[in-house]
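# Geometric and topological summary
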Amino acid sequence: MALSLYNTMSSQVEEFQTLRDQEVRMYACGPTVYDYGHIGNFRTFIAVDLLQRFLRQSGYKVRYVMNITDLDDKIIRNAASEGVSVQQYTAKYEKAFLEDAAMIGIEQPVLVRATEHIAEMADFVTRLVEKGIAYRTDDGSYYFRIASFPRYGRLSKKDFSGMLDGARVDVDEYDKDSARDFALWKAPKPGEASWDTSVGPGRPGWHLECSVMSMQELGESFDLHAGGEDLVFPHHENEIAQSESLTGKTFARFWFHVRFLLVEGEKMSKSLGNFYTLRDLVLKGHKPSSIRYLLASVPYRNQLNFTFDGLKQAAVSVERLRNFRQRLTTGNFLPGSNPQMQALAAETIDRMRTALDDDLNTAQAQAAIFEMVRTVNSAFDAGEIKKDDTAPLLAALEKFDEIFAVLNDDDSSKMKQVFDWAPSEGREQDISAELREAVQSGQFSDANIEKKIAEMGAARNARNFKLSDTLRAELITAGIIIENTKDGVRWRRK
Ligand code: AMP
Ligand code: ZN
């Protein structure tokens, strides 16, 4: 089976096809770096990360570009009110975004920044003016004439046939029902950042930024354009209008939109007190891997209702997978192989692929791996796993992790970064006891723990119980749980 994806443009699930053989060129609208990223943002970025990982796993060569919106109305306003340059204002949040994205297992796309493409944006405006599609107003701003683009509204399924020719809007984000000529280029205002360019002084509109950067990096027509569902109108509608009226070609073939995340059943908002940045959750002691697992667990077109119960559940799931892997890698097995286990591993890989091919059904893929874990765990207990079964079972787990990326236990060191960052923002009081404990236990690396356990065993064999007790106490204090099982000593972090 081949990958099928929902295309907002056709309102249908379609077979995914690329314009060039086995090569995917895709673009995601990236963060506006005016604040720390919240879990809604990361829900979207993780969904796109899963997509690009799955495309690679399916054998495509993927060129994935994401922009950093380091210039828009909000940034200009905030930088002006703090009396700092746009660059100074955004540098901090861009750095934070990149750290957060790495923390939550997002593979870094090719990054492009709006402020580094201003000249090309001005040039784009000139070309639209030459075609009679853009016009200049008295103050030196430029607008896109939407009456010149009859297909306007096709992505968002809005009928703008009765629209008012010449009505204008100069803000980046505007009302869902207003079809107005939108600003491509904004004339300077006192106290605002501005650039001197071939179309005069000023700054680009947000929509223009993405058209220019995506086409520059990926060509006039590319395979897929992604973002959260709020971007369908006006942002993506405007990107299409600008790009297609200039090139006469289809801008992006697939439009991939991620449904908004809710928190405890409500829209996330600062006023409701249910607004969480990624760092807020880590300060509370939650592991990046649990957050990633939870955000990946609901297929991208379904509503994801974020709850703290769900987050705890996700932590348990990740722990089970890690323990399972440890059991497979450290257990003692009899030689030989069990055909049932070999078949189960192959079947699980198949089921995961079928699930993800079906419009990225991440929930089904997770269900498939857990079914394997359950079956194998019972077989373990019954002594039915043989030496040669571990490799195919581990391979299935590996395939899962190529997409979900939660097995590597590097949570503590990542949490330590947030722990170390908190004082710089005056947030020491938000460091929870759980975070403190996680950071402490993290000072014991996996290799360190294994070494101490081996030393404990050696001490016991030498009947040096005092030393073995001391070592055990050290590990327990650091939150390491040690169990003696028939497969040998097993350990896990609390
Ligand atoms: P912004 O930084 O506001 O430009 O948003 C970055 C990305 O996050 C965009 O693709 C938005 O559509 C997406 N986004 C914002 N809020 C949410 C949310 N609550 N759930 C899912 N995605 C979101
Ligand atoms: Zn964009």
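Read on for an overview of the structure.

### Regarding the environment of N408
In this structure, N408 sits in the loop between α12 (390-404) and α13 (411-421). For the pair N408 and R322, spaced 86 residues apart in sequence, the C-alpha separation works out to 8.0 Å. With residues up to four places along the chain from it excluded, the contact list for N408 reads R322, R325 and D401.

### Some remarks on the site of ligand 1
In the vicinity of ligand 1 there are 16 residues, among which T32, T44, G228, D230 and L261 approach most closely. Within the side chain of T44, a nitrogen or oxygen atom sits 2.7 Å from a nitrogen atom of ligand 1. Here a nitrogen atom of ligand 1 and a backbone polar atom of L261 are 2.9 Å apart. Protein coverage of the free-state accessible area of ligand 1, which is 490 Å², stands at 89%. Elements with a contribution of two residues or more to the shell around ligand 1: α1 (39-57) and β12 (222-228). For the shell around ligand 1, the element with the most residues is α1, which contributes five residues. Classifying every residue of the shell around ligand 1 by side-chain character gives five nonpolar, eight polar and three charged.

### Here's the deal with the coordination of the zinc ion (ligand 2)
The protein atoms that coordinate the zinc ion (ligand 2) are C29 (SG), C210 (SG) and H235 (NE2), at distances spanning 2.0 to 2.2 Å. For the zinc ion (ligand 2), the donor residues sit on a single chain with the sequence spacing C-x180-C-x24-H. Placement of the pair is C29 in the loop between β3 (23-28) and α1 and H235 in helix α6 (residues 232-247), with a sequence separation of 206 residues. We classify H235 as buried; its relative accessible area is 1%.

### Regarding the pairing of β12
Looking down a regular strand, the side chains alternate between one sheet face and the other. In terms of residue burial, β12 counts as a mostly covered element, since seven of its seven residues are buried. Judged from the three bridges that link them, β3 and β12 form a sheet pairing that is parallel. In the sheet register, M26 faces β12, and the bridge partner there is L224. In this fold, β12 hands off to α6, which returns the chain to strand β13 (residues 252-258); that crossover is right-handed.

### Observations concerning the sheet that holds strand β4 (residues 61-68)
The five strands are arranged β5-β4-β3-β12-β13 in an open sheet whose pairing can be described as parallel. Each of the sheet's edge strands pairs with one partner strand only, and the pair in question is β5 (110-113) and β13. Strand-to-strand twist across the sheet, computed as the mean angle between neighbouring axes with direction ignored, equals 25°.

### With respect to the sheet that holds strand β15 (residues 266-267)
With mixed pairing, three strands are arranged side by side in an open sheet as β15-β14-β16. Whereas interior strands pair on both sides, the edge strands pair on one side only; in this sheet they are β15 and β16 (304-306). As defined by bridge partners, strand β14 (residues 261-263) adjoins β15 across two bridges and the pair is classed as antiparallel. Residue L262 lies in a different strand from β15, and its bridge partner there is K267. Each of β14 and β16 touches α1; the most contacted strand, β14, lies at about 145° to it.

### Notes on the nonpolar core
Counting 142 residues, the largest nonpolar core has L5, F256 and F306 as the members making the most contacts within it. At 10 residues, α1 tops the list of elements feeding residues into this core. Those residues in contact with F256 that sit more than four places away from it in its chain are L5, A47, V48, L51, L224, H225, A226, G227, Y300 and L360. Residues F444, I453, L475 and I482 belong to the second largest nonpolar core, which totals 10 residues.

### Some words on the environment of Q12
Tracing the chain through its elements places Q12 in strand β2 (residues 12-15). The class of Q12 is partly exposed, set by a relative accessible area of 48%. Between the C-alpha atom of Q12 and that of A119, which follows or precedes it by 107 residues, the distance is 38 Å.

### Focus on the pattern of salt bridges
Summed over all chains, the structure comprises 33 salt bridges. Here R20 and E23 are joined by a salt bridge, their closest N and O atoms 3.6 Å apart. We note a salt bridge from E244 to R151, for which the minimum N-O separation is 2.8 Å. Taken as a pair, E244 in helix α6 and R151 in the loop between β7 (142-144) and β8 (168-169) lie far apart in primary sequence, 93 residues in all. For E244, a relative accessible area of 10% puts it in the buried group. For R151, a relative accessible area of 38% corresponds to the partly exposed category. The network of salt bridges with common partners includes D49, R53, E107 and R292.

### Section: the packing of helix α9 (residues 308-330) against α12
Interhelical geometry of α9 versus α12 gives an angle of 155° and a closest axis separation of 10 Å. When the interaxial angle is binned, α9 and α12 end up roughly antiparallel. Read as a crossing pair, α9 and α12 show a hand that is left-handed. Taking contact as the criterion, the partners of L321, F324, R325, L328 and T329 in α9 are, on α12, T390, L393, L394, L397, E398 and F400. When the residues that make up the contact of α9 with α12 are grouped by side-chain class, the tally is seven nonpolar, two polar and two charged.

Rules used in this analysis
- Residues numbered from 1 in each chain as written.
- Chains lettered and ligands numbered in written order.
- Predicted model: local features only at pLDDT ≥ 70, side-chain atom pairs only at ≥ 80, totals over all residues.
- Heavy atoms only, no water.
- Helix = DSSP H or I, 4+ residues; strand = E, 2+ residues; numbered from the N terminus.
- Contact = heavy atoms within 4.5 Å.
- Near = heavy atom within 4 Å.
- Polar contact = N/O pair within 3.5 Å; in protein donor to acceptor, adjacent residues only side chain to side chain.
- Areas by Shrake-Rupley, 256 points an atom, 1.4 Å probe, with all protein chains shown as cover.
- Nonpolar A, V, L, I, M, F, W, Y, C, P; charged D, E, K, R; others polar.
- Donors = N, O, S within 2.8 Å, 3.2 Å for Na, K, Ca; no water.
- Buried < 20%, exposed > 50% of the residue type's maximum accessible area, 1.4 Å probe, protein only.
- Pairing = 2+ DSSP bridges.
- Right-handed = clockwise from strand over helix to strand, strands pointing away.
- Axes fitted to C-alpha atoms, helices over the stretch in contact; angles between N-to-C directions.
- Core = buried A, V, L, I, M, F, W, Y, C linked by side-chain atoms within 4.5 Å.
- Salt bridge = Lys/Arg side-chain N within 4 Å of Asp/Glu carboxyl O.
- Parallel < 35°, antiparallel > 145°, perpendicular 65-115°, else oblique.
- Left-handed = near helix turned anticlockwise from the far one by under 90°.

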